[in-house]
Amino acid sequence: MKKLRVIVVNEENGLKRTYAPSQGFTSNEVLLDFGVLNSSVKITLNELLEQILSKCGFSLVSNVQKSNTIDKLFIHVNESYIAIQVDDIIKCEASGNYTIFYTKDKKEFIVSKLLKYYENLLKNQGFIRVNRSILVNMKLVKQVYKKEAVILNNNERIIVSARNKAKLMSFINKHT
């Protein structure tokens, strides 16, 4: 297996220069004609990278999108692992070194991991930390009241901390 190498050829003097921009990708050599990068054609470095990767059979966007979403979360409760659909989680609440999951079907699960762990795991799933101890599934928020509270589908009102108001408004602006 060869490492990906980029060979740039200068048309004027015929000199070749070899670059190895990334380790881990494998393919045949990619030949770029230096004449394409003249002043009349502008190309960004990102577009150049996408062209190189597509010639090698890789896609920059699809790999990122696949790794960011999860449908089920397996949580360790007592001596077993329970599968919960991420969309069924209403909120997660910190309780010391434990996290309590509240689901749509009014079940509660206590897990011995910090809320911070689940915040990092679920941040790409539409969950936002609204205060020090609560992580909310924004898909199940019915209303945001004066940037100070969120009202869930079950009519529970949760106060948003001053520190997290900007994060909440950023999420709302992104999704309106």
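Residues numbered from 1 in each chain as written. Predicted model: local features only at pLDDT ≥ 70, side-chain atom pairs only at ≥ 80, totals over all residues. Heavy atoms only, no water.

**Student:** How would you explain the pattern of salt bridges if you had to name every residue and give the values?
**Tutor:** If you walk through the whole model with that rule in mind, you get 8 salt bridges. Residue Lys139 pairs with Asp87 through a salt bridge whose shortest N-O separation is 2.9 Å. On the criterion of sequence distance, the pair formed by Lys139 in the loop between strand S10 (134-137) and strand S11 (141-145) and Asp87 in the loop between strand S5 (80-85) and strand S6 (89-95) is long-range, its members being 52 residues apart. Here Lys116 makes a salt bridge to Glu119, at a shortest N to O gap of 3.9 Å. With Lys116 and Glu119 both in helix H3 (residues 115-122), this residue pair falls 3 residues apart, about one helical turn. Because the salt bridges share partners, they merge into one network encompassing Lys116, Glu119, Arg129 and Lys167. (Salt bridge = Lys/Arg side-chain N within 4 Å of Asp/Glu carboxyl O. Helix = DSSP H or I, 4+ residues; strand = E, 2+ residues; numbered from the N terminus.)

**Student:** Describe the sheet that holds strand S13 (residues 157-159), and please don't skip the residues or the numbers.
**Tutor:** Taken in spatial order, the 3 strands line up as S11-S12-S13 in an open sheet, and their pairing is antiparallel. Across the chains shown, the open sheet's two edge strands, defined by having one partner strand only, are S11 and S13. If you compare each strand with its neighbour and ignore which way they point, the axes differ by 25 degrees on average. Sheet topology note: the S11/strand S12 (residues 149-152) ladder contains 4 bridges and is antiparallel. Bridge pairing in S12 places Tyr145 opposite Ala149. (Pairing = 2+ DSSP bridges. Axes fitted to C-alpha atoms, helices over the stretch in contact; angles between N-to-C directions.)

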